[in-house]
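Geometric and topological summary
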Amino acid sequence: SCARPLYRRYLNLKKLASVSAVYRVGGGDPNTTDMRVARLLHKRIIIHWIGTDVHTAIKRKPNRRLLKIYHKYIHLAGSELLRKELQTIGIESTVIPIVPSGIQFSPLPMPEFHEVLAYIPEGREDFYNLSLLKEIAKRFPNIIFHVVANSGKNDKSPLPNLLYEGTLD
């Protein structure tokens, strides 16, 4: 029903009014209703840039008006490479990796057989270069390749050693 999304929007805006800062992972559109309201309420806005969001921002080349909005934000980059890429379009950022730190682990013994895990979201196969992964899989038929975030429904010529795992929890 229509009431539920409207009620959810109302709750989100109510939460927005009660916070001092908004933290968003991914650049995205700064002109969404929530982001406009956050600016109107003078909330501190922190954007944590990762992966394809930076690529998209570079392709779009922010105009002066958009950069004026972005310059009011605090920008974090997931890596030094992303920081440098953001800098090419006039966005200064600080590197803070988004992966957890301080996790205790010890190396595992080498497995008898190696396998490959690749993140290639469905509908983004070209961007994530599925065709290159398939070429590699053809050259190494004894290695299993697991593709996550993808059901394989767009693959017209599946390989026996390339398994589509769908979306994982």
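Residues numbered from 1 in each chain as written. Predicted model: local features only at pLDDT ≥ 70, side-chain atom pairs only at ≥ 80, totals over all residues. Heavy atoms only, no water.

1. Here's the deal with unusual backbone geometry
Backbone geometry at His 42 places phi at a positive 60 degrees, although glycine is not the residue there. Note on placement: His 42 falls in the loop between α2 (33-40) and β2 (44-49). You will see that Asn 129, though not glycine, has its phi angle at about 60 degrees, which is positive. Tracing the chain through its elements places Asn 129 in the loop between β5 (115-119) and α6 (130-139). (Helix = DSSP H or I, 4+ residues; strand = E, 2+ residues; numbered from the N terminus.)

2. What about the environment of Phe 127?
Structurally, Phe 127 can be placed in the loop between β5 and α6. Separated by 34 residues in sequence, Phe 127 and Ser 93 place their C-alpha atoms 25 Å apart. Setting aside its immediate chain neighbours within four residues, Phe 127 contacts Thr 52 and His 55. (Contact = heavy atoms within 4.5 Å.)

3. Regarding the environment of Ser 157
Structurally, Ser 157 is set in the loop between β6 (144-148) and β7 (162-166). With 73 residues separating them in the primary sequence, Ser 157 and Lys 84 have C-alpha atoms 38 Å apart.

4. What about α6?
Among the residues of α6, those classed as buried are Leu 130, Leu 133, Lys 134 and Ala 137. Looking straight down α6, one finds its buried side chains confined to an arc of 100 degrees; they lie on one side. The secondary structure elements touched by the buried residues of α6 are β5, β6 and β7. (Buried < 20%, exposed > 50% of the residue type's maximum accessible area, 1.4 Å probe, protein only. Arc of directions from axis to C-beta.)

5. Structural notes on the nonpolar core
The biggest cluster of nonpolar side chains holds 19 residues, and the ones touching the most others in it are Ile 45, Ile 47, Trp 49, Tyr 70, Tyr 73, Leu 86 and Ile 91. Taken together, the elements giving at least two residues each to this core come down to α2, β2, α3 (51-60), α4 (64-70) and α5 (80-87). Aside from chain neighbours lying at most four places away, what touches Ile 45 is Val 22, Met 35, Ala 38, Arg 39, Tyr 73 and Ile 74. Formed by 10 residues, the second largest nonpolar core is a distinct cluster that contains Ala 118, Ile 120, Leu 159 and Tyr 164. (Core = buried A, V, L, I, M, F, W, Y, C linked by side-chain atoms within 4.5 Å.)

6. Examining a nonpolar patch on the surface
A cluster of nonpolar side chains, namely Tyr 23, Val 25, Ile 98 and Val 99, defines an oily patch on the protein surface of about 380 Å² accessible area. Relative to the assigned elements, Ile 98 resides in the loop between β4 (94-95) and β5. (Patch = residues over 30% accessible without salt bridge, like charges linked within 9 Å, V, L, I, M, F, W, Y side chains within 5 Å. Areas by Shrake-Rupley, 256 points an atom, 1.4 Å probe, with all protein chains shown as cover. Salt bridge = Lys/Arg side-chain N within 4 Å of Asp/Glu carboxyl O.)

7. Digging into the packing of α3 against α5
Taken N-terminus to C-terminus, the directions of α3 and α5 make an angle of 15 degrees; their axes are 10 Å apart at the nearest point. By the angle between their axes, α3 is roughly parallel relative to α5. With respect to the hand of their crossing, α3 and α5 are arranged in left-handed fashion. Only Leu 82, Glu 85 and Leu 86 of α5 make contact with α3, whose side of the interface consists of Gly 51, Val 54 and Ile 58. Split into classes, the residues belonging to the contact of α3 with α5 amount to 4 nonpolar, 1 polar and 1 charged. (Axes fitted to C-alpha atoms, helices over the stretch in contact; angles between N-to-C directions. Parallel < 35°, antiparallel > 145°, perpendicular 65-115°, else oblique. Left-handed = near helix turned anticlockwise from the far one by under 90°. Nonpolar A, V, L, I, M, F, W, Y, C, P; charged D, E, K, R; others polar.)

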